[in-house]
Amino acid sequence: MHTMDNFNFKGHKALIRVDLNVPLDAQFNVTDDNRTRAIVPTVKKILKDGGSAILMSHLGRPKGKVNPAMSLKPIAKHLEGLLGVPVQFAMDCIGPDAQSKAAGLKPGEVLLLENLRFHPEEEAGDEAFSKSLSLLGDVYVNDAFGTAHRAHASTTVVAKYFPEDKLFGYLVAGELSSIGKVLEDPQKPLCAIVGGAKVSSKIDVLKNLLGKCDEVIIGGGMAFTFIKAQGGKIGSSLVEEDHLDTAKAILAEAQDKGVMLHLPVDAIVADAFTDNANTDLCAANAIPEGWMGLDIGPESIKQFSTVVKRAKTILWNGPMGVFEMRSFQAGTKAIAEAVADATKYGAFSLVGGGDSVAAVNQFGLAERISYVSTGGGAMLEYLEGKELPGIAAVRA
Ligand code: AMP
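Everything quoted here is computed from the prediction, not taken from an experiment.

Its 15 residues give helix α12 (residues 330-344) an end-to-end C-alpha distance of 21 Å, which sits within 8% of 21 Å, the value for a rise of 1.5 Å per residue. Residues of α12 that are buried include every one of Gly 331, Thr 332, Ala 334, Ile 335, Ala 336, Ala 338, Val 339, Ala 340, Ala 342 and Thr 343, and no others. Against β7 (190-194), β14 (292-296), α11 (298-309), β15 (313-317), β16 (348-351) and α13 (355-362) lie the buried residues of α12. Positive phi shows up at Gly 346, right after α12, with a value of about 110°.

Right under this line is the structure:
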């Protein structure tokens, strides 16, 4: 299989699926350029080899219709700043303008195509549309991990028109190698920290991880369904009554498999779901009526941190509490710090799948984590043990 490092792009026109779905302000300035910066190594390597780059992406949810507010045109200027070369723009991702601009590209030049999702065929994975895209380049590079779980035209279907010449960009390759270090070939002990609001959205993740982990920490709102399933009193904390049996089954499976499963022993409770509610500290299984657990307490922080620090591989998905509110962020912050400390002492840490990524960024700890994933939904599906269509299409 080709890799970025063993493929020489000299004289090639690389059609690259990137993720330029970035937030823009009212003047169309990019307000968070993490995603745009993430594609730079791939594009630069192609240009340095003497190839040219045709970038395709979606932006927002135009639902198959042209919507000028979701044009990728403003991103071309932004990319010019990052890449240090002019970036041409095609007014549509297929059709005569895209074709003539792609055909005219010289080595070292970059073309950005208009928003793929202006066409309903993109999300439908339409064959003819995929073929039209494929005609623009002679090698396909998938560097958009965030959309790899979607079987869309540009992320999956187009790959089949490049039976030989298709590969992952540096960003996707980095994601895959990080996930591999956790799910396929982890240094033991492997500890997973799973949090967030709902058990229902993490059942498949938990089931898959139970077969691989030595220790599993469960925090966040979802912990209360487990605590209730064990007979605890959880007041008005978040609970999914219809998943009490699921929680029991997961607890039983952990025991069967010899996985140490850790739940919070104490909680910061509040009398309302607001930052300035009255708060108290109590045992996580003895929360009075009218109070809800919105963060893990200091004893849980201590226990969880000990578990994290003895791990050699750490996977973290989902916050320990309502970290968006200052009063309930201490648990998530402390666990983020424990993960960063363990990393400093040689553990491999991967944070991925949504809000925990936002949390490590918010606390300024991203630099101290081995790998922070760019793909929320894609990472979650990978952790569930599913094969992502965009990944499978390039490997096929
Ligand atoms: P998820 O998308 O399932 O990972 O859930 C993330 C959300 O869970 C965040 O917005 C948190 O505020 C929320 N959350 C974490 N802990 C709690 C809790 N104890 N009660 C209610 N919501 C929580």
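Below, the discussion takes up unusual backbone geometry. The amide bond that connects Lys 188 to the next residue, Pro 189, takes the cis arrangement and shows omega of -5°. Counting through the fold element by element, Pro 189 comes out in the loop between α7 (170-184) and β7. Even without being a glycine, Phe 28 presents a positive backbone phi close to 65°. Position of Phe 28 among the secondary structure elements: in the loop between β1 (13-17) and α1 (34-38). The phi angle at Lys 63 is positive, at roughly 55°, despite the residue not being glycine.

Looking now at the packing of helix α8 (residues 203-210) against helix α10 (residues 244-257). For the pair α8 and α10, the least separation of the axes is 10 Å and the interaxial angle reads 10°. Comparing their axes, α10 and α8 come out roughly parallel. Along its contact with α8, which presents Ile 203, Leu 206, Lys 207 and Leu 210, the element α10 presents Thr 246, Ile 250, Glu 253, Ala 254 and Lys 257. A breakdown of the residues in the contact of α8 with α10 according to their chemical character gives five nonpolar, one polar and three charged.

Attention now moves to the sheet that holds β14. Pairing within the open sheet is antiparallel, and its three strands lie in the order β12-β11-β14. Each edge of the open sheet carries a strand with a single partner, namely β12 (279-283) and β14. For this sheet, the mean inter-axis angle between neighbouring strands, taken without regard to orientation, is 40°. Pairing of strand β11 (residues 266-270) with β14, which is carried by four bridges, proceeds in the antiparallel orientation. Within β14, the residue paired with Val 269 across the bridge is Gly 293.

A few words now on the nonpolar core. Residues Leu 113, Phe 145 and Phe 226 are the most contacted members of the largest nonpolar core, which totals 65 residues. Per-element accounting of this core gives the leading share, six residues, to α7. Two domains each provide a minimum of three residues to this core, namely domain 1 (13-168) and domain 2 (176-383). Setting aside its immediate chain neighbours within four residues, Phe 145 contacts Val 172, Glu 175, Leu 176, Ile 179, Ser 373, Thr 374, Gly 375, Ala 378, Met 379, Tyr 382 and Leu 388. Listed in part, the 29 residues of the second largest apolar core include Ile 16, Val 18, Leu 83 and Leu 167.

In total, this model carries two aromatic pairs according to the counting rule given. Ring geometry for Phe 7 against Phe 9: centres 4.7 Å apart, planes inclined by 55°, an arrangement best described as tilted. Grouping residues by exposure puts Phe 7 and Phe 9 together as buried. Plain terms: the ring middles of Tyr 140 and Phe 162 are 5.9 Å apart, the flat faces sit at 25° to each other, and that makes the pair stacked. With Tyr 140 in strand β5 (residues 139-142) and Phe 162 in the loop between β5 and β6 (166-168), this residue pair connects regions lying 22 residues apart in the sequence.

Our next topic: the site of the ligand. Surveying the vicinity of the ligand reveals 17 residues, the closest of which are Ala 197, Gly 221, Gly 293, Glu 324 and Asp 355. The backbone of Gly 221 places a nitrogen or oxygen atom 3.1 Å from a nitrogen atom of the ligand. Contacts to the ligand include Glu 324, whose side-chain N or O atom sits 2.4 Å from an oxygen atom. Coverage of the ligand by the protein amounts to 81% of the 510 Å² it exposes when considered alone. Looking at side-chain class alone, the shell around the ligand contains seven nonpolar, six polar and four charged residues.

About the thresholds
Residues numbered from 1 in each chain as written. Predicted model: local features only at pLDDT ≥ 70, side-chain atom pairs only at ≥ 80, totals over all residues. Heavy atoms only, no water. Helix = DSSP H or I, 4+ residues; strand = E, 2+ residues; numbered from the N terminus. Expected span 1.5 Å × (residues − 1). Buried < 20%, exposed > 50% of the residue type's maximum accessible area, 1.4 Å probe, protein only. Contact = heavy atoms within 4.5 Å. Axes fitted to C-alpha atoms, helices over the stretch in contact; angles between N-to-C directions. Parallel < 35°, antiparallel > 145°, perpendicular 65-115°, else oblique. Nonpolar A, V, L, I, M, F, W, Y, C, P; charged D, E, K, R; others polar. Pairing = 2+ DSSP bridges. Core = buried A, V, L, I, M, F, W, Y, C linked by side-chain atoms within 4.5 Å. Domains from an automatic or database assignment. Phe/Tyr/Trp six-rings, centres within 6.5 Å; stacked < 30°, edge-to-face > 60°. Near = heavy atom within 4 Å. Polar contact = N/O pair within 3.5 Å; in protein donor to acceptor, adjacent residues only side chain to side chain. Areas by Shrake-Rupley, 256 points an atom, 1.4 Å probe, with all protein chains shown as cover.

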